[in-house]
Amino acid sequence: MTEPAGGAPLMTDAQPPRGTVKAGDGARASSPAAPRPRRRATDWRKRLEITLLAGPAIFVFVGFVIFPVVLAGYYGFFRWKGFGPATDFVGFDNYKIIFQDSAFHDVLLHNGFILVLSLVIQGPIAVVLALLLNRSIRGRSLIRVLIFVPYIISEVIVGIGWGLMLQTSGAVNGLLDSIGLGAFKADWLSDPKIAIWSLMVIISWKYIGFAVILFLAGLQSIPSELFEAAAIDGASYWQTQRAITLPLLGPTVRIWAFLSIIGSLQLFDLVFIIWGQYVASTAGTSTMATYMVANGRTSGNFGYGSAVAVVMFLISLVIALIYQRFVLRRDTAGALTSGKK
């Protein structure tokens, strides 16, 4: 405030006149204070719910999956008999022996052979059966049940039953004799040229029902309007299957292939029950899992068996990651439904 010569004060722009309110002060004075959102309480509630719901599952997963893998990796560096503390540290010697052992090379080939044939044999047969059972035919429900029954039967029962039938004096050779085809009798379980194919027959019979049911579920998710539009356009049945059904069934087929690959790499029960841990190697049906048991637990060298388990885990993990990266990526990213422009 300045005062001119006449004594009357003059107001400058720097200070507003008395009794006036600056712009915005009245609004701040008159508006009540907004309540703060209760974000902290909500966040803690969500965290508590997640902990209570996911905590037990995480605990079980860590205790029965992660911890055994870490423990196997630890014991793989020791020569350990399975009891007492592991003190005989050998470093990577167990792993060197694994990759230098010709028997392990053989079981790798066996697992690869089983993997490829499982996809080649079971996949096409299961797709054809699913397409047939997806149509309105008499006795469809009964046929579905009969196809799925082998999958729910215990591996022990399947192994014992097929082992008895495929013996030299078993039901299969007896049937061939009774129908005049005795010249085709063979040693289905001991001949290295035949045993692996006998195993593939058993595996296909056991697990093809799972693939059929899975494909049927995938077929049910395909909209019927697509088939009606194809029929209006004059497409035949097989043209419709080739242009509509098979492409839309692709995600289900890829998921089944992934499960089949992992199962082939970890195959143990049927081979161990039918051939045992020693006959399997001479018959050409041994797998990485039977090799692990025979050279680890049975031989009393649990450290070496743990190293084999780690190698099996790493092989399965690498194949799973590669498959997910290059095959399942479109499905997990939702590219089939959203599409890329």
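Everything numeric here is computed off the predicted structure, so don't read it as measured data. (Residues numbered from 1 in each chain as written. Predicted model: local features only at pLDDT ≥ 70, side-chain atom pairs only at ≥ 80, totals over all residues. Heavy atoms only, no water.)

Right, let's get into the overall build of the chain. When you go through the chain residue by residue, the secondary structure sums to 16 helices and zero strands. Within the chain, buried positions represent 32% of all 341 residues. Here the analysis covers contacts within the chain between residues at least 6 apart in sequence; of these, 65% occur between residues at least 24 apart. As presented, the chain carries roughly 21900 Å² of accessible surface, and 66% of it is formed by carbon and sulfur atoms. (Helix = DSSP H or I, 4+ residues; strand = E, 2+ residues; numbered from the N terminus. Buried < 20%, exposed > 50% of the residue type's maximum accessible area, 1.4 Å probe, protein only. Contact = heavy atoms within 4.5 Å. Areas by Shrake-Rupley, 256 points an atom, 1.4 Å probe, with all protein chains shown as cover.)

Here we come to the pattern of salt bridges. Going through the model one piece at a time under the given rule, you end up with three salt bridges. For K206, the salt bridge identified is with E155, shortest N-O distance 3.8 Å. Separated by 51 residues along the polypeptide, K206 in helix α8 (residues 192–220) and E155 in helix α6 (residues 155–165) bring together distant segments of the chain. The class for K206 is buried, based on a relative accessible area of 0%. Relative accessible area serves as the criterion here: at 23%, E155 is assigned to the partly exposed category. For K185, the salt bridge identified is with D177, shortest N-O distance 3.0 Å. (Salt bridge = Lys/Arg side-chain N within 4 Å of Asp/Glu carboxyl O.)

Applying the stated rule across the entire model yields 21 aromatic pairs. Here F77 and F92 contribute two aromatic rings whose centre-to-centre distance is 5.2 Å and whose plane-to-plane angle is 90°, an arrangement assigned as edge-to-face. Here F77, found in the loop between α2 (39–75) and α3 (93–100), pairs with F92, found in the loop between α2 and α3; they are 15 residues apart in sequence, far enough to count as distant. One aromatic cluster is present, built from ring pairs that chain together Y74, Y75, F77, F78, W80, F89, F92, Y95 and F302. Above the face of the W44 ring, R47 is positioned so that its terminal group lies 5.4 Å from the ring centre. We note K206 situated over the ring of Y207; from NZ or CZ to the ring centre the distance is 5.0 Å. (Phe/Tyr/Trp six-rings, centres within 6.5 Å; stacked < 30°, edge-to-face > 60°. Lys NZ or Arg CZ within 6 Å of the ring centre and 35° of its normal.)

Another aspect to go through is helix α13 (residues 288–297). Of all 10 residues making up α13, seven are buried, and the element is well covered by its neighbours. Within the span of α13, buried status applies to M288, A289, T290, Y291, V293, A294 and G296.

Moving on, we get to the nonpolar core. Counting residues in each nonpolar core, the largest one holds 35 residues, and the members touching the most others are I98, F104, F215 and L219. With eight residues, the top contributor of residues to this core is helix α4 (residues 102–133). Not counting the four nearest positions on each side in its chain, I98 is found in contact with F104, Y304, A307, V308 and V311. With 19 residues, the next largest nonpolar core counts V158, L189, V271 and A280 among its residues. (Core = buried A, V, L, I, M, F, W, Y, C linked by side-chain atoms within 4.5 Å.)

Our next topic: the environment of G182. Positionally, G182 belongs in the loop between α7 (171–178) and α8. Residues within four places of G182 in sequence aside, it is in contact with L176 and D177.

On to a nonpolar patch on the surface, then. Residues I58, F59, V60, F61, V62, F64, V65, I66 and V70 make up a contiguous nonpolar surface patch of roughly 900 Å² in combined accessible area. Looking at the element boundaries, F61 is found in helix α2. (Patch = residues over 30% accessible without salt bridge, like charges linked within 9 Å, V, L, I, M, F, W, Y side chains within 5 Å.)

To continue, consider the confidence of the model for the chain. Per-residue confidence for the chain averages 85 on the pLDDT scale, and 85% of its residues sit at or above 70. This model gives residues 335–341 a pLDDT under 50, and the stretch forms six contacts once residues within four places in sequence are excluded. (pLDDT = per-residue confidence, 0-100.)

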